[in-house]
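Chain by chain, the residues:
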Amino acid sequence: LANSNRAKKVDCLDNEIVYKHNSTERLNHIKIKDSLPIGTKFGSMSCRSTPSGNTCSANNVGSALEWGLSGALTPAATGAVRFCVRQ
């Protein structure tokens, strides 16, 4: 039997980070950081969903990934960022 659930080198493997602000204070200058898994190459990154009143930017340098939120993040606010890697 052949294993059919393996990604091909041209496939993009999506990763999503979901975040939620759990404190009662408003937060400013939020940064979400991650890095590419070992053995993968950068494909793309984006701000999937951004809380109302905030803007999101995405930046990749080498294997480092960083998303920045501007504006005050209110209590209970949620959002998601996404990145794609290739083999």
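Colleague: Lay out the overall build of the protein in plain terms, naming residues and giving numbers.
Modeller: A count of helices and strands for the protein gives zero helices and six strands. Helices and strands in the protein line up, N terminus first, as β-β-β-β-β-β. Burial statistics for the protein: of 87 residues in total, 24% are counted as buried. Within the protein, contacts between residues separated by at least 24 positions form 73% of all contacts whose residues are at least 6 apart in sequence. Working note: accessible area of the protein is about 6000 Å², and carbon and sulfur atoms make up 49% of it.

Colleague: A description of the sheet that holds strand 5 (residues 64-70) should follow, citing residues and the corresponding values.
Modeller: Spatially, three strands are ordered 2-5-4 in an open sheet, and the strand pairing comes out antiparallel. The open sheet is flanked by strand 2 (30-35) and strand 4 (55-61), the only strands paired with a single partner. Neighbour-to-neighbour, the strand axes of this sheet turn through a mean angle of 15°, independent of strand direction. Across seven bridges, strand 4 lies against strand 5 in antiparallel orientation. From the neighbouring strand, Ser57 faces strand 5, where its bridge partner is Gly68.

Colleague: Quick one: what's the story with the pairing of strand 6 (residues 78-86), residue by residue and with numbers?
Modeller: In this structure, strand 1 (residues 13-20) lies alongside strand 6, joined through eight bridges in antiparallel fashion. Note on strand 6: the bridge partner recorded for Asp14 is Cys84. Relative to strand 6, strand 3 (residues 41-49) is paired through seven bridges, and the arrangement is antiparallel. Counted as the bridge partner of Lys41 is Arg86 from strand 6.

Colleague: Describe the nonpolar core, with residues and values.
Modeller: By size, the foremost hydrophobic cluster in this structure holds 13 residues, and its most contacted members are Leu65, Trp67 and Phe83. Those elements that provide at least two residues to this core are strand 2, strand 5 and strand 6. Those residues in contact with Leu65, other than ones at most four positions away along the chain, are Ile32, Lys33, Asp34, Ser35, Leu36, Phe42, Met45, Asn59, Asn60 and Phe83.

Colleague: Outline the sheet that holds strand 3, supporting the account with residue identities and numerical values.
Modeller: Pairing is antiparallel across the open sheet formed by three strands, whose spatial order is 1-6-3. Unpaired on one side and paired on the other, strand 1 and strand 3 mark the two borders of the sheet. Direction aside, the axes of adjacent strands within the sheet are offset by 20° on average.

Definitions and limits used
Residues numbered from 1 in each chain as written. Predicted model: local features only at pLDDT ≥ 70, side-chain atom pairs only at ≥ 80, totals over all residues. Heavy atoms only, no water. Helix = DSSP H or I, 4+ residues; strand = E, 2+ residues; numbered from the N terminus. Buried < 20%, exposed > 50% of the residue type's maximum accessible area, 1.4 Å probe, protein only. Contact = heavy atoms within 4.5 Å. Areas by Shrake-Rupley, 256 points an atom, 1.4 Å probe, with all protein chains shown as cover. Pairing = 2+ DSSP bridges. Axes fitted to C-alpha atoms, helices over the stretch in contact; angles between N-to-C directions. Core = buried A, V, L, I, M, F, W, Y, C linked by side-chain atoms within 4.5 Å.

Don't take any of this as a statement about function, it's just geometry.
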